[in-house]
Amino acid sequence: GPFKSPYFIAHDFNHITLIASGIGVTPALGVMGQYPGLSRTKILVWLTRSKSMLKFFAPLLRDAHLSVVFYTGKEELSKYELMQIQSHGNIYIQQSRPKSLTGTIEDTIVSFENRMNNSSDRLSQVDKYHKATWCLLYCGGSVNIKHQLEQFASEKGLGWESEVFNW
C-alpha cells in the first residue's frame, strides 16, 4: 500500500530546516514545493559531491529562504559556475565539508529567530515556545548524520523526522 512520508510532520511547524545528503535533496524539494512563498520558513542544508546534481537542482532552490550547500566534489566549482548556481536564489556554497553540521544549523536558526524575535547568541537562549515552531527533516544515506541530527533536535527541543536510505 501507500507509504506515508516521514516528512508529513512539516505541516505542524512554521519553520522547516531540511537537511539532505546527495539525492536526498529530492524529497526536501518536494516539501518546499508544498509550502510556496512565505507560508513557511524553509531552509535547506545540502551536502553533495555531485557537480552535475548541484547544477541540475539549483533552479529548484529558489523557493528556499536560504540554501546552504556543502559541495565536496573532487572538481572545484569555477567562479562562473558558482555565479550561475547562486543566481537561482539565496544560495551559499562552501566547497568543503562543514566544520560542524549542527553548528551550522544552530547558527542559521538563531539568525532567523533574531530577525523575528529577541536577540540570542545560541539556540539554548531562544524561548522554548519559539523553538517548538522549528523542525529538522533529514533525508540521505548517512546513519551517522541521522543520529547526530536526531540527538541535536532532541537536546534543543526541535521537531524531528528522517528518512535514511542505504541502497
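### Things to note about the overall build of the chain
- Helix and strand counts for the chain stand at 6 helices and 6 strands.
- The order of helices and strands in the chain, counted from the N terminus, is β-α-β-α-β-α-β-α-α-β-α-β.
- Against the 2.2 N^0.38 benchmark of 15 Å for 167 residues, the chain shows a C-alpha radius of gyration of 15 Å, consistent with a compact globule.
- Over its C-alpha atoms, taken along the principal directions, the chain stretches across nearly 45 × 45 × 30 Å.
- Expressed as a percentage of its 167 residues, the buried residues of the chain come to 50%.
- Within the chain, residue pairs in contact and separated by at least 24 positions form 64% of the contacts whose partners lie at least 6 positions apart.
- Put simply, the chain shows about 9000 Å² of open surface, and 52% of that area lies on carbon and sulfur atoms.
- Charge separation in the chain, taken as the distance between the mean sites of 17 positive and 14 negative side-chain charges, equals 4 Å.

### Describing the environment of cysteine 135
- In this structure, cysteine 135 sits in strand β5 (residues 134-140).
- Between the C-alpha atom of cysteine 135 and that of isoleucine 9, which follows or precedes it by 126 residues, the distance is 8.5 Å.
- Other than its neighbours up to four places away in sequence, cysteine 135 contacts Phe13, His15, Ile16, Thr17 and Gly159.

### Regarding the side chain of glutamate 106
- Here glutamate 106 shows up in helix α4 (residues 101-116).
- Assessed through its relative accessible area of 7%, glutamate 106 is described here as buried.
- Only 2.9 Å separates the side chain of glutamate 106 from the backbone nitrogen of leucine 123, close enough to count as a polar contact.
- Excluding residues within four positions of it along the chain, glutamate 106 makes contact with Arg122, Leu123, Ser124, Phe152 and Lys156.

### Observations regarding the pairing of strand β4 (residues 91-94)
- Side-chain alternation along β4 places Ile91 and Ile93 on a buried face and Tyr92 and Gln94 on a face that remains uncovered.
- For strand β3 (residues 66-71) and β4, the ladder comprises 4 bridges, and the chain directions are parallel. The residue bridging valine 69 from the neighbouring strand is isoleucine 93, located in β4.
- Assessed by its sense of winding, the connection that carries the chain from β3 through helix α3 (residues 79-86) to β4 is right-handed.

### A look at the nonpolar core
- Core analysis: the biggest nonpolar cluster contains 32 residues, and Ile16, Leu18, Val31, Trp46, Ile93 and Leu137 have the highest contact counts within it.
- Where this core is concerned, the elements lending two or more residues are β1 (15-21), α1 (25-34), β2 (41-48), α2 (51-57), β3, α3, β4 and β5.
- The element contributing the most residues to this core is α1, with 5 residues.
- When residues no more than four places from it in sequence are discounted, the contact partners of isoleucine 93 are Val69, Tyr71, Leu77, Leu82, Ile85 and Gln86.
- With 23 residues, the next largest nonpolar core counts Ile19, Val68, Ile105 and Leu149 among its residues.

Calculation notes
- Residues numbered from 1 in each chain as written.
- Predicted model: local features only at pLDDT ≥ 70, side-chain atom pairs only at ≥ 80, totals over all residues.
- Heavy atoms only, no water.
- Helix = DSSP H or I, 4+ residues; strand = E, 2+ residues; numbered from the N terminus.
- Rg over C-alpha atoms; globule rule 2.2 N^0.38 Å.
- Buried < 20%, exposed > 50% of the residue type's maximum accessible area, 1.4 Å probe, protein only.
- Contact = heavy atoms within 4.5 Å.
- Areas by Shrake-Rupley, 256 points an atom, 1.4 Å probe, with all protein chains shown as cover.
- Lys, Arg positive; Asp, Glu negative; His and termini not counted.
- Charge placed at Lys NZ, Arg CZ, Asp CG, Glu CD.
- Polar contact = N/O pair within 3.5 Å; in protein donor to acceptor, adjacent residues only side chain to side chain.
- Pairing = 2+ DSSP bridges.
- Right-handed = clockwise from strand over helix to strand, strands pointing away.
- Core = buried A, V, L, I, M, F, W, Y, C linked by side-chain atoms within 4.5 Å.

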